[in-house]
Amino acid sequence: MDRVRVIGVTGQTGAGKSLITGWLREAGCPAIDCDAFAKEVMDGDPACIGEIGDAFPGCVRDGVIDRGKLGPLVFSDPEKLAALNEIVNPRILRALKETIDGWPEGEMPLIVDGATLIETGAADLCGFLVAVTCSAAERIKRIVARDNISENQARDRVASQREDRFYAARADWVIDNSAGPQAAKEAAGEALRRWKERL
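As a starting point, this report considers the structure included with it. (Residues numbered from 1 in each chain as written. Predicted model: local features only at pLDDT ≥ 70, side-chain atom pairs only at ≥ 80, totals over all residues. Heavy atoms only, no water.)

Counted by the stated rule, this structure contains one aromatic pair. A centroid spacing of 5.2 Å and a plane angle of 90° characterise the contact between Phe166 and Tyr167, whose relative ring orientation is edge-to-face. Overall, the relative accessible area of 13% leaves Phe166 in the buried class. Over the ring of Phe166 we find Arg162, and its NZ or CZ is 4.4 Å from the ring centre. (Phe/Tyr/Trp six-rings, centres within 6.5 Å; stacked < 30°, edge-to-face > 60°. Buried < 20%, exposed > 50% of the residue type's maximum accessible area, 1.4 Å probe, protein only. Lys NZ or Arg CZ within 6 Å of the ring centre and 35° of its normal.)

Structure follows, in structure tokens:
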């Protein structure tokens, strides 16, 4: 698929990327959920699992990544998160590139939904980048409800990510998802219109 026909949707965890992607799906856009995609890549790569087990003792059991142990460990320690990213990101990026390159072109763009598209270089695979932002307090509430974790764990996740301005400076379109669902839905539609104008 031509990269110009790929829209990346990125932003902090809990900002509402999945909501925006859901509306774009309703408009007829196919989508790749990078969280699910990354899990498939990691879980299907024994070498990757082995490296994670070596780097993070106790986080792999019987050849399976224990994300309940790994998540709190890396999100509370920037050095450990960087070490994990060094193991997994090149594999995920390579697999994502292959998937996008092999995706059949249609009338609607392919949506690539991921929190770290910019940091991993995956944004370079997208012809148009949408950043979804939201207040930290609201994101923490959403993460606690969504993932059934403690507020402190949610705060660690929020603290491990970049500020709004990092995304806004690099995106073609910014959606503030603090303004309510109707405003966000309208902004998602406007992002699609602006993408079409570039074709």
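With that out of the way, let us pick up the pairing of strand E5 (residues 110-113). Going residue by residue along E5, you find Leu110 and Val112 tucked away on one face and Ile111 and Asp113 tucked away on the opposite face as well. Both strand E1 (residues 6-11) and E5 contribute to a ladder of four bridges, which runs parallel. Looking at the pairing, Ile7 lines up with Ile111 of E5. Across three bridges, strand E2 (residues 31-33) lies against E5 in parallel orientation. Note that in E5 the partner of Asp33 across the bridge is Asp113. (Helix = DSSP H or I, 4+ residues; strand = E, 2+ residues; numbered from the N terminus. Pairing = 2+ DSSP bridges.)

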